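Given next are the chains, with one letter for each unit.
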Amino acid sequence: MHEKLKEKIKESLSSVLPITVIVLLLSVTFVPMEVGTLVLFLTGAFLLILGMGFFQLGVEMSMTPLGQGVGRRLVKQKSLWLIGFISFVMGMIITISEPDLQVLANQVASIPNMVLIYTVAIGVGVFTVVAVLRILFGVSLSKMLIALYLLLFILSVLSPSEFVAVAFDAGGVTTGPMTVPFIMALGIGLSAARSDKHGESDSFGLIALCSIGPIMTVLLLGIFYHPTDAVYTATEIAAVDTTQDVVRLFASSLPQYAEEVLVSILPIAGVLVIFQLLTRCYRKRQLLRMSVGFVYTIVGLILFLTGVNVGFACVGNLLGSSLADGATKWLLIPIGIVIGYYIVKAEPAVQVLNHQVEEITGGMISHKMMNLALSIGVACAVAVSMIRVLTGISIYWIIVPGYIIALTLSRFVPKVFIGIAFDSGGVASGPMTSTFLLPLAMGACTMLGGNVVTDAFGVVALVALAPLIAIQIMGLLYSHKSRRVHLPAGELSAADDDVLVEIEEE
């Protein structure tokens, strides 16, 4: 166990270190920082590394086997009504447990927090049912996505324009570190129970559909609530003079995030208890291992959220406002590209998805390939977000063409890449995006005197959009190379390994 934890922490170190180095370089060049602020950031980075390590190991031990167990049992039920009810409840529970949703709710001042949270939760619950039924009946994910996104664009026209970015951001933040491991495992369990040739590719797509639900319900909510008075409260940098002040600040914040995480984990732990009482699915040794996994998950998420909120959020806002002040404002674009390239690797749920993709595809799609494609995609997304902040371009000019490209690509790539791509979009926009990139955009927008609601909101949505295109382009490369060596492009097989290795090397 200790060796496994060391391995996870090393992975976390390699993910968080690049973004830490970037901020350190900026602090001695374009954005001078007080020593106290820098110490806060470095302490936050240390907690991030530890937190991600514990979290990834905990998820592997607890959330993944629970989701797979529920999925396998669910598919054996004969009553569609019972399957639908359980799926809806699970979707709502896991969404209300998502810490990222609290961040979004606090930023939209015109709507009461609980109204927004339950609206999003209902959306995820409904689309969890849709996603489960799609797997059971083998409905084409590509055709379903085209129809649903067409409906979303129609709703976005009817909803207030100021609300569009908030709605698409809701789809991104909902699929965070709590939701992704469970939903992914649920899909694996459902598709494994089907035992047909398309089961592997159909195990992906749950996160994609669960991301659509919040967008749709929040757009509907926007018809009744107007977000014109929505405000963003800039994160203030705490005054710290000594290392003791830093320790006190983090220590005083720990109880708050501990409470949030415990409240988030409690419903999921309740699911485990009820599921075990009804099915007796797990043996004592498995239950003990899963219980330890829940403890690791709790510890990891507490450390991660404390580090990212106390140490990273304030620095993100400072970087944005400082770079946007004066002649350096256009540096936001290249700096945003570099930050975007590395920050996605620090998202805990991204690493969970990448390893599950590698495991399900038997190593044909490696986590290195996934990391590269996601990094390139998110780098482009952050660059476009910074251009929006600088110029005030409407998000419509990016979101609509972007999804048209993504949905068009879905008609030409192998099935497995469609699910992976659309799942990756939801996964990439996690707590690092909402607590570092979002404050970066907000700080820059405020300094430039722009409209925060229309110009800065939407960075999460663009980060969620980019992987849809990047992963499917990787799929096109795979398909092209598989034809060159006379292999069928529709299915992954052991013979495809050389093809995918060649793509990765290029």
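Being a predicted model, the structure only gives us computed values, none of them experimental.

A few points about the overall build of the protein chain
Inference 1: When helices and strands are counted, the protein chain shows 21 helices and zero strands.
Inference 2: Counted over contacts in the protein chain with a minimum sequence separation of 6, partners at least 24 positions apart contribute 85%.
Inference 3: Carbon and sulfur atoms form 66% of the exposed surface of the protein chain, whose accessible area is close to 19,600 Å².

Concerning helix H5 (residues 113–137)
Inference 1: Between its first and last C-alpha, H5 extends 36 Å over 25 residues, near the 36 Å set by a 1.5 Å rise per residue.
Inference 2: Phi turns positive, to about 65°, at Gly138, one or two residues after H5.

Here we look at the packing of aromatic side chains
Inference 1: What the rule picks out here adds up to nine aromatic pairs.
Inference 2: The rings of Tyr149, Phe153, Phe168, Tyr403 and Phe422 are connected pair by pair, giving a single aromatic cluster.

Details of unusual backbone geometry
Inference 1: Positive phi values are uncommon outside glycine, yet Arg280 reaches one of about 50°.
Inference 2: Mapped onto the elements of the fold, Arg280 is located in the loop between helix H11 (243–279) and helix H12 (284–323).

What about the confidence of the model for the protein chain?
Inference 1: Residues at a pLDDT of 70 or more form 88% of the protein chain, whose mean pLDDT is 82.
Inference 2: Predicted confidence for residues 492–504 stays below pLDDT 50, and this span has 35 contacts to residues more than four positions away or in other chains.

Quick word on the pattern of salt bridges
Inference 1: In the structure shown here, the tally under the stated rule is four salt bridges.
Inference 2: Between Lys6 and Glu3 there is a salt bridge; the shortest N-O distance is 3.9 Å. Of this pair, Lys6 and Glu3 both sit in helix H1 (residues 2–27), three residues apart, which is roughly one turn of that helix.
Inference 3: What makes Glu3 exposed here is its relative accessible area of 57%.

Considering the environment of Ala470
Inference 1: Looking at the element boundaries, Ala470 is found in helix H20 (residues 459–484).
Inference 2: Considering only alpha carbons, one finds Ala470 and Ser375, 95 residues apart in sequence, at a separation of 9.1 Å.
Inference 3: Setting aside residues no more than four positions away along its own chain, Ala470 makes contact with Ala373 and Gly377.

Brief notes about helix H3 (residues 80–96)
Inference 1: The first and last C-alpha atoms of H3 sit 24 Å apart over 17 residues, in line with the 24 Å expected at 1.5 Å per residue.
Inference 2: Taken residue by residue, H3 has Ile83, Gly84, Ser87, Met90, Gly91, Met92, Ile94 and Thr95 as its buried positions.

Focus: the packing of helix H14 (residues 348–360) against helix H17 (residues 415–428)
Inference 1: Orientation of H14 relative to H17, taken along the N-to-C sense of each, is 160°, at an axis distance of 9 Å. The pairing of H14 with H17 is recorded here as roughly antiparallel in orientation. The handedness of the crossing between H14 and H17 is right-handed. Contact residues: Ala349, Val350, Leu353 and Val357 in H14; Ile420, Asp423, Ser424, Val427 and Ala428 in H17.
Inference 2: Residues of the contact of H14 with H17, tallied by class, amount to seven nonpolar, one polar and one charged.

A closer look at the side chain of Gln276
Inference 1: By the secondary structure assignment, Gln276 is in helix H11.
Inference 2: Within polar-contact distance, the side chain of Gln276 engages the backbone nitrogen of Cys281 at 3.3 Å.
Inference 3: Beyond its immediate chain neighbours, meaning those up to four positions away, Gln276 contacts Cys281, Tyr282 and Leu287.

Digging into the side chain of Gln56
Inference 1: Inspection of the secondary structure assignment puts Gln56 in helix H2 (residues 35–75).
Inference 2: Aside from chain neighbours lying at most four places away, what touches Gln56 is Lys8, Glu11, Ser12, Pro348, Gln351 and His355.

Some remarks on the nonpolar core
Inference 1: Counting 161 residues, the largest nonpolar core has Leu66 and Phe422 as its most contacted members.
Inference 2: The element contributing the most residues to this core is H12, with 16 residues.
Inference 3: Apart from the residues within four sequence positions on either side, Leu66 is in contact with Phe182, Ile268, Leu272, Phe275, Tyr282, Met290 and Phe294.
Inference 4: By size, the runner-up hydrophobic cluster in this structure holds five residues, among which are Leu5, Leu57, Met61 and Tyr296.

Comments concerning a nonpolar patch on the surface
Inference 1: Residues Leu150, Leu151, Ile154, Leu158, Leu220, Ile223 and Phe224 make up a contiguous nonpolar surface patch of roughly 700 Å² in combined accessible area.
Inference 2: If one sorts the elements of the nonpolar patch by residue count, helix H6 (residues 141–158) sits on top with four residues.
Inference 3: Among the secondary structure elements, Leu150 is positioned in helix H6.

A closer look at the environment of Gly475
Inference 1: With respect to the helices and strands, Gly475 occurs in helix H20.
Inference 2: Sequence-wise, Gly475 and Phe417 are 58 residues apart; in three dimensions their C-alpha atoms are separated by 5.8 Å.
Inference 3: Contact partners of Gly475, with chain neighbours within four places excluded, come to Val413, Pro414 and Phe417.

What to know about the packing of H12 against helix H18 (residues 431–448)
Inference 1: Where H12 contacts H18, the axes come no closer than 7 Å and their chain directions differ by 25°. Taken as axis vectors, H12 and H18 run roughly parallel relative to one another. Here H12 runs over H18; the crossing is right-handed. Packed against H12, whose contacting residues are Phe304, Val308, Asn309, Phe312, Ala313, Val315, Gly316, Asn317, Leu319, Gly320 and Ser321, the element H18 presents Pro431, Met432, Thr435, Phe436, Pro439, Leu440, Gly443, Ala444 and Met447 at the interface.

Thresholds, definitions, all that
Residues numbered from 1 in each chain as written. Predicted model: local features only at pLDDT ≥ 70, side-chain atom pairs only at ≥ 80, totals over all residues. Heavy atoms only, no water. Helix = DSSP H or I, 4+ residues; strand = E, 2+ residues; numbered from the N terminus. Contact = heavy atoms within 4.5 Å. Areas by Shrake-Rupley, 256 points an atom, 1.4 Å probe, with all protein chains shown as cover. Expected span 1.5 Å × (residues − 1). Phe/Tyr/Trp six-rings, centres within 6.5 Å; stacked < 30°, edge-to-face > 60°. pLDDT = per-residue confidence, 0-100. Salt bridge = Lys/Arg side-chain N within 4 Å of Asp/Glu carboxyl O. Buried < 20%, exposed > 50% of the residue type's maximum accessible area, 1.4 Å probe, protein only. Axes fitted to C-alpha atoms, helices over the stretch in contact; angles between N-to-C directions. Parallel < 35°, antiparallel > 145°, perpendicular 65-115°, else oblique. Left-handed = near helix turned anticlockwise from the far one by under 90°. Nonpolar A, V, L, I, M, F, W, Y, C, P; charged D, E, K, R; others polar. Polar contact = N/O pair within 3.5 Å; in protein donor to acceptor, adjacent residues only side chain to side chain. Core = buried A, V, L, I, M, F, W, Y, C linked by side-chain atoms within 4.5 Å. Patch = residues over 30% accessible without salt bridge, like charges linked within 9 Å, V, L, I, M, F, W, Y side chains within 5 Å.

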